[in-house]
Amino acid sequence: MTKKQRAEAVCERLNDEYGTDLRCYLEYDYEKPWQLLFATIMSAQCTDERVNLVTRDLYKKYPDLEDIAKADIKEFEKDIFSTGFYHNKAKNIIACANVLLEEYDGVVPSDIDELTSLPGVGRKTANVIRGNVYNIESIVVDTHVKRVSKLLGLTKEDDPTKIEYELMKILPKSQWILYNFQTIAHGRRICIARRPACEECCLADVCKGKKVIANG
C-alpha cells in the first residue's frame, strides 16, 4: 500500500467513524470571524474547553472589535489569564485587533499571507480561519494531527509546516478540513497519547504505529 493509498483508506474509515458533518471545537459566531481568530490565538498551549469558558465572558465584555482594540492590556491579561501565556496573547490580540481595523476595515482576511502577517497568527491559526470561516480547503496541523499522522505513517516530519505540505500531497482535497476535526476526535477518544486503544481503532489495520505501540 502506497502512502497515498493509505491516506485514502484512512479518510474513508474516519468518514465512516466520525461522519462528515463536523465543526470547529472552539465556539464562535460566523458573523464575527475575529472572535474565532482570537479564540484560536488563545488556544495555543491551552484546551479548547478552557478557551470556550473564557470567551463566553470575554466577548460579552468586549462585544465589538473596537472594544478589544482599545482594551487596557493589563485588564485584558487578567481576562484571559487562565489560558496561559497571557502576556503575549493579550499583546498579540490587541495588536491584531488594531491592524484589522486600520488595514482591513475590521474584516478578517482569507489570504494565507495576509493572515500570517497579523500579530500572533501562524499557519495553524490562519488555516483554522480559512477552513472554518471561508470554507477554503486547508489542513490544520495541531498536536493531534501531528501525532496521529506520524503513527499512521503518513509523515515522518516534525515541523508542522512540512507536515501540512506533505499531507496536502496525499490527502484528497475534499478531506483537508475534515481531517483535522476527525483526527482530533480520534486522538481524544481512541488514539490517546499515553494509552492508545489500538484494539478499538478503526484504523488499526492501516496504521504503521500499531506494531511500535504493541512492542512498547
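All values reported here derive from a predicted model rather than from experimental measurement.

A.B. asks: Got a sec to walk through the pattern of salt bridges? Specific residues and values, please.
C.D. replies: Counting across every chain of the model gives eight salt bridges. For Asp-48, the salt bridge identified is with Arg-188, shortest N-O distance 3.2 Å. Within this pair, whereas Asp-48 is found in helix H3 (residues 48–61), its partner Arg-188 is found in helix H11 (residues 176–189), the two being separated by 140 residues in sequence. Residue class for Arg-188 comes out partly exposed when judged on its relative accessible area of 34%. Between Arg-123 and Glu-164 there is a salt bridge whose closest N-O contact spans 2.7 Å. Taken together, the residues Arg-123 in helix H8 (residues 123–132) and Glu-164 in helix H10 (residues 160–170) connect sequence positions 41 residues apart.

A.B. asks: Break down the nonpolar core for me, with residues and values.
C.D. replies: Counting 42 residues, the largest nonpolar core has Leu-37, Phe-38, Met-42, Ile-68, Phe-76, Leu-100 and Leu-118 as its most contacted members. Every element with two or more residues in this core is listed here: helix H2 (33–42), H3, helix H4 (65–69), helix H6 (86–104), helix H7 (112–116), H8 and H11. For this core, the element with the highest residue contribution is H6, accounting for eight residues. Residue contacts for Leu-37: discarding those within four places in its chain leaves Cys-96, Leu-100, Val-108, Leu-118, Val-121, Thr-125 and Ile-129. In terms of nonpolar packing, the next biggest core, distinct from the first, is built from 27 residues, Val-145, Leu-171, Tyr-179 and Ala-185 among them.

A.B. asks: Can you tell me about the packing of aromatic side chains, naming the residues and giving the values?
C.D. replies: One pass over the full model with this rule turns up four aromatic pairs. Measuring from centroid to centroid gives 5.8 Å for Trp-34 and Phe-38, while their planes differ by 55°, and the two rings are tilted. Within this pair, Trp-34 and its partner Phe-38 are both found in helix H2, separated by four residues, close to a single helical turn. Centroid distance Phe-81 to Tyr-86: 4.7 Å. Interplanar angle 50°. Geometry classified as tilted. Feature note: the residues Trp-34, Phe-38 and Tyr-59 constitute an aromatic cluster, connected by ring pairs. Cation over ring: Arg-188 sits above Tyr-25, and NZ or CZ is 4.7 Å from the ring centre.

A.B. asks: So, empty space enclosed by the protein: which residues are in play, and what are the values?
C.D. replies: Enumeration according to the criterion identifies two cavities of 30 Å³ or more in this entry. Considered as a void within the structure, the second largest cavity measures approximately 50 Å³ in volume. Forming the boundary of the second largest cavity are Asn-127, Val-128, Gly-131, Asn-132, Ser-138, Val-140, Trp-176, Ile-177, Asn-180 and Phe-181. Mapped by element, the contributors of at least two residues to the lining of the second largest cavity are H8 and H11. Considered class by class, the residues forming the lining of the second largest cavity number five nonpolar, five polar and no charged.

A.B. asks: Please give an account of the packing of H2 against H3 that cites residues and values.
C.D. replies: It is at 10 Å that the axes of H2 and H3 come closest, and there the two elements cross at 135°. Classified by the angle their axes make, H2 and H3 are oblique. With respect to the hand of their crossing, H2 and H3 are arranged in right-handed fashion. Residues Trp-34, Gln-35, Phe-38, Ala-39 and Met-42 of H2 form the contact with H3, whose participating residues are Val-51, Val-54, Thr-55, Leu-58 and Tyr-59.

A.B. asks: Go over the packing of H2 against H8 with me, naming the residues and quoting the values.
C.D. replies: The N-to-C vectors of H2 and H8 enclose an angle of 150°; their axes lie 9 Å apart at closest approach. For the element pair H2 / H8, the angle class is roughly antiparallel. The crossing of H2 and H8 is right-handed. Contacts between H2 and H8 involve Pro-33, Leu-36, Leu-37, Thr-40 and Ile-41 from the first element and Thr-125, Val-128, Ile-129 and Asn-132 from the second. Tallied by class, residues from the contact of H2 with H8 come to six nonpolar, three polar and no charged.

A.B. asks: Quick rundown of H3? Include the residues and the values.
C.D. replies: With 14 residues, H3 extends 20 Å from end C-alpha to end C-alpha; this agrees with the ideal 20 Å at 1.5 Å per step. At Thr-55, H3 shows its strongest bend, of approximately 30°. Three or more residues of H3 are buried, namely Asp-48, Val-51, Asn-52, Val-54, Thr-55, Leu-58 and Tyr-59. Looking at the buried positions of H3, the neighbouring elements they touch are H2, H4, helix H5 (73–79) and H11.

Conventions and cut-offs
- Residues numbered from 1 in each chain as written.
- Predicted model: local features only at pLDDT ≥ 70, side-chain atom pairs only at ≥ 80, totals over all residues.
- Heavy atoms only, no water.
- Salt bridge = Lys/Arg side-chain N within 4 Å of Asp/Glu carboxyl O.
- Helix = DSSP H or I, 4+ residues; strand = E, 2+ residues; numbered from the N terminus.
- Buried < 20%, exposed > 50% of the residue type's maximum accessible area, 1.4 Å probe, protein only.
- Core = buried A, V, L, I, M, F, W, Y, C linked by side-chain atoms within 4.5 Å.
- Contact = heavy atoms within 4.5 Å.
- Phe/Tyr/Trp six-rings, centres within 6.5 Å; stacked < 30°, edge-to-face > 60°.
- Lys NZ or Arg CZ within 6 Å of the ring centre and 35° of its normal.
- 1 Å grid on protein atoms, 1.4 Å probe; cavity = no way out; pocket = protein on both sides within 12 Å on 5 of 7 lines; lining within 4 Å.
- Points joined across faces, edges and corners; volume = space filled by probe spheres on them.
- Nonpolar A, V, L, I, M, F, W, Y, C, P; charged D, E, K, R; others polar.
- Axes fitted to C-alpha atoms, helices over the stretch in contact; angles between N-to-C directions.
- Parallel < 35°, antiparallel > 145°, perpendicular 65-115°, else oblique.
- Left-handed = near helix turned anticlockwise from the far one by under 90°.
- Expected span 1.5 Å × (residues − 1).
- Bend = angle between axes of the 7 residues up to and from the residue.

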